Amino acid sequence: MTDEAELLFKEILSKNLPLETFIDPGFTYLNSSLASKFYGMKKLTKSRSMKKFPLPEDSPYGGILGMAAVMMSTANCVDTQPVERGVWVLENVLGNPPPPPPTNVPAITPDTRGSKTIRDLLDAHRSDESCARCHRKIDPLGYVMENFDPVGRWRTHYPLYDKNGKPRNGIAIDASGRLPGAD
């Protein structure tokens, strides 16, 4: 994953490609393991070395907002973290970091009654106005990356596991987000 990021940056910088290439390059660098295990591209290559591959126009992958390394670094390996992902975009892409959270506000707790998704948890968290001020700016940016699981694989539903640990589709993911003032 680190190689994918480094090779993408190297190509963009060495070829003086437009800035928007960081977001939508139309290509990425993959080896067989990354292609099949993370990006679901079976039989793309048999090589262990990284090679440049064009991406289909409708691919969610590619660029810094669709890269497994970024998704994994902004999650906790078990759950996605829309707040972490939103803060990462604000700091690293938009150059507009949010202020630190107020010291008197507790962290989001997973036992918020009636919550079924991370969006429900964050909606409950935003009921406190001191939280809502920043979360109105952070959360929409994190929500749009919610289709990427904690290690960067694309998904359309949250997973549910049966009593034998076999995964199945749970609630559909709502990856929509609306920035404040975007009417």
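What comes next concerns the included structure. (Residues numbered from 1 in each chain as written. Predicted model: local features only at pLDDT ≥ 70, side-chain atom pairs only at ≥ 80, totals over all residues. Heavy atoms only, no water.)

**Concerning the side chain of Asn147**
Okay, step 1: Its place among the elements puts Asn147 in the loop between α6 (129-143) and β3 (157-161).
Okay, step 2: For Asn147, a relative accessible area of 10% gives the class buried.
Okay, step 3: Here the side chain of Asn147 touches Arg155 through a polar contact of 2.7 Å, landing on its backbone oxygen. (Helix = DSSP H or I, 4+ residues; strand = E, 2+ residues; numbered from the N terminus. Buried < 20%, exposed > 50% of the residue type's maximum accessible area, 1.4 Å probe, protein only. Polar contact = N/O pair within 3.5 Å; in protein donor to acceptor, adjacent residues only side chain to side chain.)

**A few points about the packing of helix α4 (residues 82-92) against α6**
Okay, step 1: Close contact between α4 and α6 brings their axes to 7 Å; oriented N to C, the two are set at 100°. The orientation of α4 with respect to α6, classified from their angle, is roughly perpendicular. Facing α4, whose interface residues are Pro82, Val83, Arg85, Gly86, Val87, Val89 and Leu90, α6 presents His135, Lys137, Ile138, Asp139, Leu141, Gly142 and Tyr143.
Okay, step 2: Of the residues belonging to the contact of α4 with α6, the class tally is eight nonpolar, three polar and three charged. (Axes fitted to C-alpha atoms, helices over the stretch in contact; angles between N-to-C directions. Parallel < 35°, antiparallel > 145°, perpendicular 65-115°, else oblique. Contact = heavy atoms within 4.5 Å. Nonpolar A, V, L, I, M, F, W, Y, C, P; charged D, E, K, R; others polar.)

**So, the nonpolar core**
Okay, step 1: If you look at the biggest cluster of nonpolar residues, it comprises 28 residues, and the most contacted ones within it are Leu30, Leu34, Tyr39, Met41, Tyr61 and Met67.
Okay, step 2: Residue contacts for Tyr39: discarding those within four places in its chain leaves Glu4, Leu30, Leu34, Tyr61, Gly66, Met67, Ala68 and Gly152. (Core = buried A, V, L, I, M, F, W, Y, C linked by side-chain atoms within 4.5 Å.)

**Overview of the packing of helix α5 (residues 118-125) against α6**
Okay, step 1: Running from amino to carboxyl end, α5 crosses α6 at an angle of 165°, the nearest separation of the two axes being 10 Å. Classified by the angle between their axes, α5 and α6 sit roughly antiparallel to one another. For the pair α5 and α6, the crossing hand works out as left-handed. Across from Arg119, Leu122, Asp123 and His125 in α5, the residues of α6 making contact are Cys131, His135, Asp139 and Tyr143.
Okay, step 2: Across the contact of α5 with α6, the residue classes tally to three nonpolar, two polar and three charged. (Left-handed = near helix turned anticlockwise from the far one by under 90°.)

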